[in-house]
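# Observations on chain architecture
In case you want the letters, here they are:
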Amino acid sequence: MSGGGGYAAAVAQLDAWPHDDETCNVGGPSQAALAVDVAVDNNYADRGAYETRWADEGAGVAEMENSLRRGADFVHAMYTYRSVSKALPQVKTSDQANKHEIYRGTVQVLEPEVQKLKDFMGYQEAATKLFASYVGRVAATRQKERPSETLLWVMVKMVDLFATLNDLKNMKSCLNNDFSFYKRAVGFVKQHDEANGGGGGGGGRDNKRNKGRPACRDGVDCANDDIDHVATFVHGARPPPCPDWSHCREAYNDRSKHHSQYSHLCRFGAWCNIKDERHKVEYVHFGRPDCGYDKQTGNCPRITDPEHRLQYYHKRMSLVMIPCRHGDKCPQLGDRKHATTYSHNRLKRSKWKRDGDSGGGGGGKGKNKT
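These numbers come from a predicted model, not from an experiment. (Residues numbered from 1 in each chain as written. Predicted model: local features only at pLDDT ≥ 70, side-chain atom pairs only at ≥ 80, totals over all residues. Heavy atoms only, no water.)

Helix and strand content of the chain: 13 helices and 6 strands. Every one of the 370 residues in the chain was classed for burial, and the buried ones make up 38%. Here the chain has roughly 21,800 Å² of accessible surface; of this, 51% comes from carbon and sulfur atoms. (Helix = DSSP H or I, 4+ residues; strand = E, 2+ residues; numbered from the N terminus. Buried < 20%, exposed > 50% of the residue type's maximum accessible area, 1.4 Å probe, protein only. Areas by Shrake-Rupley, 256 points an atom, 1.4 Å probe, with all protein chains shown as cover.)

Tallied over the full model, the rule gives 6 aromatic pairs. Between W271 and Y313, the aromatic rings sit 4.0 Å apart at their centres with planes inclined by 5 degrees, giving stacked as the arrangement. Of this pair, W271 sits in the loop between β3 (264–265) and α9 (277–282) while Y313 is found in the loop between α11 (306–311) and β5 (322–323), placing the two residues 42 residues apart along the sequence. W271 sits in the partly exposed class, given a relative accessible area of 36%. An aromatic cluster is built from F74, F120 and Y123, whose rings are joined through pairwise contacts. Between the NZ or CZ atom of R184 and the centre of the ring of F181, over which it lies, the distance is 5.0 Å. (Phe/Tyr/Trp six-rings, centres within 6.5 Å; stacked < 30°, edge-to-face > 60°. Lys NZ or Arg CZ within 6 Å of the ring centre and 35° of its normal.)

Turning our attention to the environment of A231. Of note, A231 is situated in helix α7 (residues 227–232). With 10 residues separating them along the chain, A231 and P241 place their C-alpha atoms 6.1 Å apart.

Packing of helix α3 (residues 99–141) against helix α4 (residues 149–171) leaves a shortest axis separation of 11 Å and a crossing angle of 150 degrees. Comparing the axis directions of α3 and α4 gives the class roughly antiparallel. Of the two possible hands of crossing, α3 and α4 adopt the one that is left-handed. Touching F120, Y123, Q124, A127, T128, F131, Y134, V135 and V138 of α3 are L151, M155, M158, V159, L161, F162, L165 and K169, all from α4. Residues that form the contact of α3 with α4 fall into these classes: 14 nonpolar, 2 polar and 1 charged. (Axes fitted to C-alpha atoms, helices over the stretch in contact; angles between N-to-C directions. Parallel < 35°, antiparallel > 145°, perpendicular 65-115°, else oblique. Left-handed = near helix turned anticlockwise from the far one by under 90°. Contact = heavy atoms within 4.5 Å. Nonpolar A, V, L, I, M, F, W, Y, C, P; charged D, E, K, R; others polar.)

The next thing to look at is α3. The terminal C-alpha atoms of α3, which comprises 43 residues, lie 62 Å apart, in line with the 63 Å expected from a rise of 1.5 Å per residue. Most pronounced at E111, the bend in α3 amounts to some 40 degrees, and the proline P112 follows within four residues. (Expected span 1.5 Å × (residues − 1). Bend = angle between axes of the 7 residues up to and from the residue.)

On to unusual backbone geometry, then. In this structure, W245 takes a positive phi of about 45 degrees despite not being glycine. Mapped onto the fold, W245 is located in the loop between α7 and α8 (258–261). A positive phi angle is found at R316, which is not glycine, with a value near 65 degrees. Along the polypeptide, R316 turns up in the loop between α11 and β5. Under the relative-accessibility criterion, R316 is labelled exposed at 70%.

Locating S85 in the fold gives a position in the loop between α2 (55–80) and α3. Separated by 2.7 Å, the side chains of S85 and D178 make a polar contact. Ignoring anything within four residues of it in the chain, the contact list for S85 reads Q90, L110, N177, D178 and F181. (Polar contact = N/O pair within 3.5 Å; in protein donor to acceptor, adjacent residues only side chain to side chain.)

The subject of this paragraph is the nonpolar core. Note that soluble globular proteins tend to have their nonpolar side chains buried in a common cluster. Core analysis: the biggest nonpolar cluster contains 25 residues, and M64, L151, V154, M155, M158 and L165 have the highest contact counts within it. Not counting chain neighbours up to four residues away, the residues in contact with L151 comprise E57, V61, M64 and V138. Counting residues in hydrophobic clusters, the runner-up holds 19 residues, among them W245, L265, Y283 and Y313. (Core = buried A, V, L, I, M, F, W, Y, C linked by side-chain atoms within 4.5 Å.)

It is worth spelling out the pattern of salt bridges at this point. Taken as a whole and judged by the stated rule, the model has 11 salt bridges. Ionic pairing is found between D221 and K280, a salt bridge with its closest N-O pair at 3.1 Å. On the criterion of sequence distance, the pair formed by D221 in the loop between α6 (205–209) and α7 and K280 in helix α9 is long-range, its members being 59 residues apart. Its salt-bridge partner being D225, residue R288 comes within 2.6 Å of it at the nearest N-O pair. Taken as a pair, R288 in the loop between β4 (283–284) and α10 (292–297) and D225 in the loop between α6 and α7 lie far apart in primary sequence, 63 residues in all. Judged by its relative accessible area of 22%, R288 is partly exposed. What makes D225 buried here is its relative accessible area of 17%. Where salt bridges share partners, they join E63, R302 and D305 into one cluster. (Salt bridge = Lys/Arg side-chain N within 4 Å of Asp/Glu carboxyl O.)

Turning next to the confidence of the model for the chain. Low pLDDT means the predicted coordinates in that region are not meant to be read closely. Averaged over all residues, the pLDDT of the chain equals 76, while 72% of them reach at least 70. Within the model, pLDDT remains below 50 along residues 346–370, and this stretch shows 60 contacts once partners closer than five positions in the same chain are excluded. (pLDDT = per-residue confidence, 0-100.)

This brings us to the state of the cysteines. Under the definition given, this model contains 0 disulfides. Looking at the unpaired C266, the closest cysteine sulfur is the one in C272, lying at 3.7 Å. (Disulfide = S-S within 2.5 Å.)

Glancing now at the side chain of S343. Following the sequence through the fold, S343 ends up in strand β6 (residues 342–343). Taking the relative accessible area as the measure of exposure, S343 reaches 8% and is therefore buried. Aside from chain neighbours lying at most four places away, what touches S343 is P306, M321, I322, P323 and C324.

Here it is, written out as structure tokens:
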């Protein structure tokens, strides 16, 4: 690490490093050696303060350790999961008088449980992608330098976690039972609403586009950003969800009428400070947990990854990144402000191109709404 500035930055990072307890646990009987228990697990948060070739591996180990901790929560949740649908009243005959109330009640009771299943599947997909990315890195660099035992061991623990979760998922038949009950109840609710002219909206065009969709009890205040939930339930006067959802380039273009015809994710989610009532109706203001790297060091290595940004909150950064029409061929990839505002995944040009749209990656056409 060369130069006084580099040392100063390293010392500053160590100085800002969060400590749960600044004192060690010291104890022991009199006339005996003291037993010192430091008991500090910093998860490599101080890796940026040292000049070492293990810094990149430290970031990977820390990321997988965070994933393992979250996976342990799902292991406990899956192991202790018990069937909810067995405790619900069942429709005995097709002409039962209160069958519609039973189906609606079933949807409301099982929706939180089904959301847990969706969260689990989302975690499983994200964790698998994370693990596969580091397997690819190790395979690509194994000829040049051998990976550390720490990295290999944490990857072994990831494999063990995947096997445990898979076994638990196969063992718990009540998971499939609850989901089947929920899916069946949603189907009957939709049929009933269609037969009775739909529900939820405010008349006219809203009644037509909301026809057959049950109403969410939270209305426009609902913070559930799951596309299946948004598409299934009516949220007051909120328009139906955009087919492109979190990948829409016109969602934040004031000159376009698209954002008033379809609902989208607010770029800043629950941290949005826009007071406009129309904005509250048209956009879903969802919450996310803090990114561990950003919270500890303020320098997340995946700050330009749109999937990571959508899953975790980063201070002074939006949750949703606007798709850049140039993709990974964008000439402004070296500009940090642009790279942290726009996503640059390889997209099909025809999917994002709109008539009359001349806006590029540097801001699009018109003023961004959020």
